[in-house]
Amino acid sequence: MSVYKNDIPCNVVTAVESIIKQTLPPKQIIMVVDGPVGKDLKQTLTMLEKQYPVYQNIWSEKNLGLGGALALGEQYCTGEYIARMDSDDIAIADRFAKQMAVFDANPELELVGAYTQEFFDEIENLAKIKSVPEKHDDIVKFMTRRTPFCHQTIIFKRAMLLEAGGYKSWYYAEDWYLYIRMYLAGAKFYNLPEVLVYARINQATFARRGGLKYYRSIKGLLKLMRKHKLMSFGAYTKAKVVRFIGHVLVPRKLRGKLYLKYLRKDK
């Protein structure tokens, strides 16, 4: 997990405790504190470290960005499996148990994700379900159009993470970038077709998915996939046009409505 100055202390506590209270609890919780944070958040993070022996804060003096923070955090993970989680989301109590059961039954898998149930601010204000393809081949096809996992649900094998080169910075797409490199390294994927995490959203969720800088970031991923022959030239060209329209030309408020209407399922 990673936290930065704008995170709300009570949301961080809720997220961490949803991991602490798993029916299959983790041996480590690594929280990267990405740059300077306010007094209240610092006190909350220190309290969590004192309260829970498995919990550890890794303090970065400067803001690294999410990709850099995750790259720092992975250095402190010692287990065979690493789970991702966001600092303002809520994991369902048997999330880890269900995902590890999939790994146990399918030892060839390197990454297992699931669906998220999105909500606005409070968990009672449910929005829509973010679903993703279940099986490996469908995941790979989907990956050429959109990120094929809900990042806050994934568990992956540490050995595969290292083989793929670990987390790296890529503007608002560090997870997608990792999935591509994992696939190129030979990883096998799976998504459980059920909700395992409640994911908090707001208008900023959709604001981040727009603008010329974001478009250029995604175009870079498309170019990478084209280079490795994951996409045809026609699919690559079409994807660039669709992304330019969606991320640059469509206004932010309309973009948010389109995301919820066409890219999500009813709860």
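The rules behind these values
- Residues numbered from 1 in each chain as written.
- Predicted model: local features only at pLDDT ≥ 70, side-chain atom pairs only at ≥ 80, totals over all residues.
- Heavy atoms only, no water.
- Helix = DSSP H or I, 4+ residues; strand = E, 2+ residues; numbered from the N terminus.
- Rg over C-alpha atoms; globule rule 2.2 N^0.38 Å.
- Buried < 20%, exposed > 50% of the residue type's maximum accessible area, 1.4 Å probe, protein only.
- Pairing = 2+ DSSP bridges.
- Contact = heavy atoms within 4.5 Å.
- Axes fitted to C-alpha atoms, helices over the stretch in contact; angles between N-to-C directions.
- Polar contact = N/O pair within 3.5 Å; in protein donor to acceptor, adjacent residues only side chain to side chain.
- Phe/Tyr/Trp six-rings, centres within 6.5 Å; stacked < 30°, edge-to-face > 60°.
- Salt bridge = Lys/Arg side-chain N within 4 Å of Asp/Glu carboxyl O.
- Core = buried A, V, L, I, M, F, W, Y, C linked by side-chain atoms within 4.5 Å.

1. A closer look at the overall build of the chain
Looking only at helices and strands, the chain has 11 helices and 10 strands in total. Over its C-alpha trace the chain gives a radius of gyration of 18 Å, about what one expects of a compact globule, namely 18 Å for 267 residues. Overall size of the chain, expressed as C-alpha extent along the three principal axes, is 55 × 40 × 35 Å. By residue count, 49% of the 267 residues in the chain fall in the buried class.

2. A look at the sheet that holds strand E1 (residues 2-3)
What the 3 strands build is an open sheet, ordered E1-E2-E3; its pairing is parallel. Lying at the two open borders of the sheet, with one neighbouring strand each, are E1 and strand E3 (55-60). Here helix H2 (residues 39-51) sits on the sheet and contacts E1, strand E2 (29-34) and E3; the angle it forms with E3, its principal contact strand, is near 140°. Contacting E1, E2 and E3, helix H3 (residues 65-74) crosses the sheet at an angle of about 140° to E2.

3. Section: the side chain of Glu110
In this structure, Glu110 sits in the loop between helix H4 (95-105) and strand E6 (111-120). Separated by 2.8 Å, the side chain of Glu110 and the backbone nitrogen of Lys188 make a polar contact. Setting aside chain neighbours within four positions, we find Glu110 in contact with Phe103, Ile155, Phe156, Lys157, Met160, Gly186, Ala187 and Lys188.

4. Let's talk about the side chain of Ser60
Relative to the helices and strands, Ser60 resides in strand E3. With relative accessibility at 12%, the residue Ser60 sits in the buried group. Setting aside its immediate chain neighbours within four residues, Ser60 contacts Val33, Asp34, Gly35, Pro36 and Leu72.

5. With respect to the packing of aromatic side chains
In the structure shown here, the tally under the stated rule is 7 aromatic pairs. Summarising the aromatic geometry, the rings of Phe149 and Tyr179 are spaced 4.8 Å apart at their centres and angled 65° between planes, so their arrangement reads as edge-to-face. Of this pair, Phe149 sits in the loop between helix H5 (136-143) and strand E8 (155-157) while Tyr179 sits in helix H7 (residues 174-184), and the two are 30 residues apart along the sequence. Summarising the burial analysis for this pair, Phe149 and Tyr179 share the class buried. Relative to Phe244, the ring of Tyr215 has its centre 5.3 Å away and its plane inclined at 80°; by these criteria the two rings are edge-to-face. A residue pair is termed long-range when its members are at least 10 positions apart, and Tyr215 in helix H9 (residues 212-227) and Phe244 in helix H10 (residues 233-249) qualify at 29 residues. Residue classification places Tyr215 among the buried residues on the basis of a relative accessible area of 10%.

6. Side note on the pattern of salt bridges
Where charged atoms of side chains with opposite charge meet at close range, the side chains can pair. Overall, the coordinates contain 4 salt bridges when judged by the stated rule. Here Asp175 ties to Arg84 by a salt bridge, and the two come within 2.9 Å at their closest N and O atoms. Remark: Arg84 occurs in the loop between strand E4 (81-83) and strand E5 (90-91) and Asp175 occurs in helix H7; sequence separation between them is 91 residues. Of the two residues examined, Asp175 and Arg84, each falls in the buried class. Across the salt bridge formed by Asp94 and Lys98, the nearest N and O atoms sit 3.6 Å from each other. The exposure class of Asp94 is partly exposed, given its relative accessible area of 25%. Connected via shared salt-bridge partners are Arg84, Asp86 and Asp175.

7. So, the pairing of strand E9 (residues 189-201)
For E9, a buried count of 10 out of 13 residues is recorded, marking the element as mostly surrounded by other parts of the structure. Here 10 bridges tie E6 to E9, and the two strands are oriented parallel to one another. Within E9, the residue paired with Leu111 across the bridge is Phe189.

8. Considering the nonpolar core
The tendency in soluble globular proteins is for nonpolar side chains to be buried as a group. Within the largest apolar cluster, 38 residues are counted, with the highest numbers of intra-cluster contacts made by Leu111, Phe156, Tyr167, Trp176 and Met182. Met1, Leu41, Leu48 and Leu196 belong to the second largest nonpolar core, which has 30 residues in total.

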